[in-house]
Amino acid sequence: MASSVKEDQTWHIRAERPEDAPLVDALNATTFGPGRFAKSAYRLREGVDPVPELSFIAVEGSELRGSVRFWPIVVAGARLLLLGPLAVQSDQRGRGIGIALMNRGIEEADAMGYPAIILVGDEPYYSRVGFAKLPPDSIRFPGPVDGARVLGLSLKSDALKTIAGDVRRARFDHPVAAGGANYG
């Protein structure tokens, strides 16, 4: 996965810490507004914590510039990840922060053995890190979702060609084993 980090990069990515949560929440509120809670993807996050090893922020000096989190989900018994929200301060967009945050999360998710990641978003942007539209109705969210915006990325050999069904929230007690064979 190629990064589009610019030469003048003065920010860096690090793991999100518990004390970062209020800043991340404020960034998400500013970026997505109160309507975000009505989205189907948010229903999957209710009562579930993001995977802590897959929550990253971009900082510049002491300023939060962006964040990304990945959430546990299950589709047809397969333990997958839901990417989002991905948020970057509006005046910081175009610096490669969002792409770098996703690349870091994708690399770590792959190393942890997750077979695939899905999201609801704009294909032209997310395709830059490998996401593509999924076949219609192969992955079904609880509640209304524009099927043209359901995207996926197989981390293990064509994982999303063999996984189809309803998305449900999940709580993973431990990371997926190398090879992605754990289902829950």
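The sections below set out a description of the structure shown in this document.

So, how was this worked out
Residues numbered from 1 in each chain as written. Predicted model: local features only at pLDDT ≥ 70, side-chain atom pairs only at ≥ 80, totals over all residues. Heavy atoms only, no water. Phe/Tyr/Trp six-rings, centres within 6.5 Å; stacked < 30°, edge-to-face > 60°. Buried < 20%, exposed > 50% of the residue type's maximum accessible area, 1.4 Å probe, protein only. Helix = DSSP H or I, 4+ residues; strand = E, 2+ residues; numbered from the N terminus. Pairing = 2+ DSSP bridges. Right-handed = clockwise from strand over helix to strand, strands pointing away. Salt bridge = Lys/Arg side-chain N within 4 Å of Asp/Glu carboxyl O.

### Regarding the packing of aromatic side chains
In total, this model carries two aromatic pairs according to the counting rule given. An angle of 85° between the planes, with centres 6.3 Å apart, marks the rings of Tyr 126 and Phe 131 as edge-to-face. For Tyr 126, a relative accessible area of 13% corresponds to the buried category. Relative accessible area serves as the criterion here: at 2%, Phe 131 is assigned to the buried category.

### Some points on the pairing of strand 4 (residues 78–88)
Along strand 4, eleven of the eleven residues are buried, which leaves the element largely enclosed by surrounding structure. Between the end of strand 3 (residues 63–75) and the start of strand 4, which pair antiparallel, lie two residues, with Ala 76 showing a positive phi angle near 50°. Relative to strand 5 (residues 116–120), strand 4 is paired through two bridges, and the arrangement is parallel. Within strand 5, the residue paired with Leu 82 across the bridge is Ile 118. Read as a crossover between parallel neighbours, the route from strand 4 over helix 3 (residues 97–111) to strand 5 is right-handed.

### Let's talk about the pattern of salt bridges
With the rule as written, the count across this model stands at eleven salt bridges. Ionic pairing is found between Glu 46 and Arg 169, a salt bridge with its closest N-O pair at 3.9 Å. You can see Glu 46 sitting in the loop between helix 2 (40–45) and strand 2 (56–60) and its partner Arg 169 sitting in strand 9 (residues 165–169), a full 123 residues away along the chain. Relative accessible area serves as the criterion here: at 39%, Glu 46 is assigned to the partly exposed category. One salt bridge connects Arg 95 with Glu 60, and the closest N-O pair in it is separated by 2.9 Å. One end of the pair, Arg 95, is in the loop between strand 4 and helix 3; the other, Glu 60, is in strand 2, with 35 residues separating them in the sequence. Glu 60 carries the same exposure label as Arg 95, and that label is buried. Connected via shared salt-bridge partners are Glu 16, Asp 25 and Arg 69.

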